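Coordinates in review
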There are 2 protein chains.
Amino acid sequence: MKTTFYHAGCPVCVSAEQSLTNSLDLNKVELEIVHLGEQPGRIDEAEKAGVTSVPAIVIGNDTLHLNFGANISDLK
Amino acid sequence: MKTTFYHAGCPVCVSAEQSLTNSLDLNKVELEIVHLGEQPGRIDEAEKAGVTSVPAIVIGNDTLHLNFGANISDLK
């Protein structure tokens, strides 16, 4: 299943990324990690998936916000 | 790594549980799912791990709150 982890390089993001993505089964999920600070062109896609803050992970059609690092509006 | 998913049976919890726990690599993580509504005796342990709302997942020493279902104080 297509899975995208959106983050912005903040400490909360990095910590969440490491603990969570290391635990995922890469045989089940096709994982892409997107740094929205470095790839602002992907912000629109993240918002369409329902991402309102980072870090967040979109697993198939489910969007999960993980703790709180930054509002996506602050990344624009 | 010991991993505990705390929830309270709410719709947000169930949705997060299904999408996330199905994506975990059970060869890497030792997963336990705890329903705090049914097991209130585990609330104390969850709070000590830093859980303030459910659904939340504790992976090793990292506590991640997933979206928002309910405050842990409302489960007492």
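Scroll up to find the structure.
What counts, and at which threshold
Residues numbered from 1 in each chain as written. Chains lettered and ligands numbered in written order. Predicted model: local features only at pLDDT ≥ 70, side-chain atom pairs only at ≥ 80, totals over all residues. Heavy atoms only, no water. Salt bridge = Lys/Arg side-chain N within 4 Å of Asp/Glu carboxyl O. Helix = DSSP H or I, 4+ residues; strand = E, 2+ residues; numbered from the N terminus. Buried < 20%, exposed > 50% of the residue type's maximum accessible area, 1.4 Å probe, protein only. Contact = heavy atoms within 4.5 Å. Buried area = accessible area lost by both parts, 1.4 Å probe.

All names here are of chain B. A complete count under the given rule lists 10 salt bridges over all chains for this structure. Here Glu 47 and Lys 76 are joined by a salt bridge, their closest N and O atoms 3.0 Å apart. Here Glu 47, found in helix α2 (residues 43-48), pairs with Lys 76, found in the segment after β4 (62-71); they are 29 residues apart in sequence, far enough to count as distant. Classification of Glu 47 by relative accessible area gives partly exposed; the value is 32%.

Right, let's talk about unusual backbone geometry for a bit. Of note, the bond from Val 54 of chain A into Pro 55 of chain A is cis; its omega dihedral lies within 30 degrees of zero at 0 degrees. Locating Pro 55 of chain A in the fold gives a position in strand β3 (residues 53-59). Its identity is not glycine, yet Asn 67 of chain B carries a phi of approximately 45 degrees, on the positive side. In this fold, Asn 67 of chain B is placed in strand β4.

Interface size is often expressed as the accessible area that is lost when the parts come together. Contact with chain A, which involves 17 residues of that partner, is made by 17 residues of chain B. Counting the surface lost from both chain A and chain B, the interface buries some 1,600 Å², and carbon and sulfur atoms represent 52% of this. When the area that chain A buries against chain B is broken down by residue, the three leading residues are Ser 23, Leu 64 and Asn 67 of chain A, summing to 32%. Counting across the chain A and chain B interface gives zero salt bridges.

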